[in-house]
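Secondary and tertiary structure notes
One-letter residues, chain by chain:
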Amino acid sequence: MSAQYTLAESATLEGTSLHTGAKVTLTIKPAPENHGFKFRRIDLSDQPFINADADKVQTVERATTLAEGSVKVHTVEHVLSALTGMGVDNAIIEMDANEPPIGDGSSRPFVELIKKAGLKAQDAPRKVWEIREPIHQEMGDGTIITIVPSKTFRVSVTNVGPEGRFTQYFSSEVTPEIYEKEIAPARTFVYYEDVKPLLEKGLIKGGSLESAVVIRGNEVMSKEPVRYTNEFARHKALDLIGDLMLSGKRILGHVIAVKPGHGPNTKMASTLKKEYARMRAMVPAPITIPDGESVLDVNEVMRILPHRYPFLMVDRVIDFGEDTCTALKNVSINEPYFQGHFPGHPIMPGVLQLEGMAQVSSILMLRKPENLGKIGYFLSADNVKWRKPVMPGDTLITEAKTTKVRGNIGQTSCRCLVNGEVVSEADLKFALFDR
């Protein structure tokens, strides 16, 4: 696991804000571990902070605005994108106005500022959330953002203009090296027909052909040629990276976006934040192990079951009831089956979860005095369902409940859980025989 990073020292940038047209001085400063990104309005008497947080998003018209009470900061996406893309985890962004300088309309000026300040590793490890299941969002205008599992952070963006003009595509893994070269220089853009309405709303007062690309019909108006043939899609990716960081979490996942914008981007950031909180809430409290015969350690388990490495699916029994048994298995990357199931994307085979249910069911029956010394044979499995993948690092809780016993034939209802969520379930039948 890599370390968190902050800035080695402070660095300052001066310029003009895009929407307000005001002169502004922005300074990025080091911040302590687990601090995240916070803006500070030093032009106000109490110099208040505003967290870079999806819950603070107020408006998203042509830019992302954060607010804390009556205090606002506008157009935060470019500086957040640069900090995220360049591998910074903790920083204070001080401004003597309510909006960062627009520069050339890209995040390159902020990348240069970060390089000027330098990076400093911190003692705390970087927390990265690996997306394990697709997260999907659709808007009524055809905008789609989906995040699917990936071992890297990757963005794929399709930009679609009015009447399909300048439809462009960009896809890339995001690393500091790639971000600086392939994403940061991409400039913001506006369609000519939108300029007047924006001015009437009091926006883009600081805009010019030096700070944005203007699209008129099928022509591009700019002080310099386009920097990439797909510059607009790259800028959409730039915005997306900055907006998604409002979730407060770096992710490992592939973000696929069609017609993204600040509204959908920040909505997805909010969804990510809520989904992460939901997942954390499902993490079970530390297990209190009862005393006495109601708990079996692995040595006691092996005195009951004949199974041994690599086929023993129970590390310990953590609870017994009248007709129930609950067992635990710590799923380690060292499990031999992960070498082939699957390389680069290890998943515990569902049939082994089923085997674990059978073993816990056997313990439930073999624990009874009249069954001591016998062995359980698996007869059938019904209503088998696999609902979610089980990964290395998961704690697999297996529950078995006796539903019927007739002679030496037993039936159980079983389920496996990870973080309180059912990952698999089945109804089992087995027979007990003398060894």
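Residues numbered from 1 in each chain as written. Predicted model: local features only at pLDDT ≥ 70, side-chain atom pairs only at ≥ 80, totals over all residues. Heavy atoms only, no water.

Time to look at the packing of helix α3 (residues 176–183) against helix α5 (residues 231–244). Taken N-terminus to C-terminus, the directions of α3 and α5 make an angle of 135 degrees; their axes are 10 Å apart at the nearest point. Put simply, α3 runs oblique to α5. Residues Tyr179, Glu182 and Ile183 of α3 form the contact with α5, whose participating residues are Arg234, Leu238 and Ile241. When grouped by side-chain class, the residues that make up the contact of α3 with α5 number four nonpolar, no polar and two charged. (Axes fitted to C-alpha atoms, helices over the stretch in contact; angles between N-to-C directions. Helix = DSSP H or I, 4+ residues; strand = E, 2+ residues; numbered from the N terminus. Parallel < 35°, antiparallel > 145°, perpendicular 65-115°, else oblique. Contact = heavy atoms within 4.5 Å. Nonpolar A, V, L, I, M, F, W, Y, C, P; charged D, E, K, R; others polar.)

All right, on to the pattern of salt bridges then. In this structure the tally under the stated criterion is 24 salt bridges. The shortest N-O distance in the salt bridge between Glu94 and Arg40 comes to 3.7 Å. In this pair, Glu94 is assigned in strand β9 (residues 91–95) and Arg40 in strand β4 (residues 37–41), connecting sequence segments 54 residues apart. Two residues, Arg108 and Asp104, come together in a salt bridge whose shortest N-O distance is 3.6 Å. Judged by relative accessible area, Asp104 falls into the buried class, the value being 15%. (Salt bridge = Lys/Arg side-chain N within 4 Å of Asp/Glu carboxyl O. Buried < 20%, exposed > 50% of the residue type's maximum accessible area, 1.4 Å probe, protein only.)

Here the focus is the side chain of Glu94. The class for Glu94 is buried, based on a relative accessible area of 9%. Looking at Glu94, its side chain comes within polar contact range of the side chain of Lys29, at 3.2 Å. (Polar contact = N/O pair within 3.5 Å; in protein donor to acceptor, adjacent residues only side chain to side chain.)

Here we come to the pairing of strand β12 (residues 135–138). Residue alternation in β12 divides its side chains into a buried set, Ile135 and Gln137, and an unburied set, His136 and Glu138. Across four bridges, β12 lies against strand β13 (residues 144–148) in antiparallel orientation. Along β13, the bridge assignment pairs His136 with Thr146. Where β12 folds back onto β13 in an antiparallel hairpin, the turn is made up of five residues, including Gly142, whose phi is positive at roughly 95 degrees. (Pairing = 2+ DSSP bridges.)

Right, let's talk about the sheet that holds strand β6 (residues 57–59) for a bit. The strand order across the open sheet built from three strands is β6-β7-β8, with neighbouring strands paired in antiparallel fashion. The open sheet has two edge strands with one neighbour each: β6 and β8 (71–73). On average, each strand axis in the sheet is inclined to that of its neighbour by 40 degrees, with strand direction left out of account. With three bridges connecting them, strand β7 (residues 65–68) and β8 associate as antiparallel partners. Considered in β8, the bridge of Glu68 is made with Val71.

Time to look at the packing of aromatic side chains. Counting across every chain of the model gives six aromatic pairs. A ring pair is formed by Phe189 and Phe232, whose centres lie 4.5 Å apart and whose planes are at 35 degrees; its orientation type is tilted. With Phe189 in strand β16 (residues 189–191) and Phe232 in helix α5, this residue pair connects regions lying 43 residues apart in the sequence. Every member of this aromatic cluster is reached through a ring pair, and the members are Phe166, Phe189, Tyr191 and Phe232. When the ring centre of Tyr228 is taken as reference, the NZ or CZ atom of Arg234 above it lies at 4.0 Å. Stacked on the ring of Phe320, the Lys or Arg Arg367 has its end atom at 4.0 Å from the ring centre. (Phe/Tyr/Trp six-rings, centres within 6.5 Å; stacked < 30°, edge-to-face > 60°. Lys NZ or Arg CZ within 6 Å of the ring centre and 35° of its normal.)

UniProt records the feature "active site" (unreviewed entry) for His262 and His341 in the present numbering. A maximum C-alpha distance of 39.1 Å is found for the annotated residues, which run over 80 residues; spatially they are spread out rather than grouped. His262 gets classed as buried once you look at its relative accessible area, which sits at 10%. Sequence-distant contacts of His262, that is, excluding residues within four places in its chain, are made with Val60, Arg62, Ala63, Thr64, Glu77, Asp239 and Asp243. The topology assignment puts His341 in the loop between β21 (324–330) and α8 (350–366). You can call His341 partly exposed: its relative accessible area is 23%. Residues within four places of His341 in sequence aside, it is in contact with Pro346, Ile347, Met348 and Pro349. (UniProt positions renumbered as here; feature names shortened; annotations may be inferred.)

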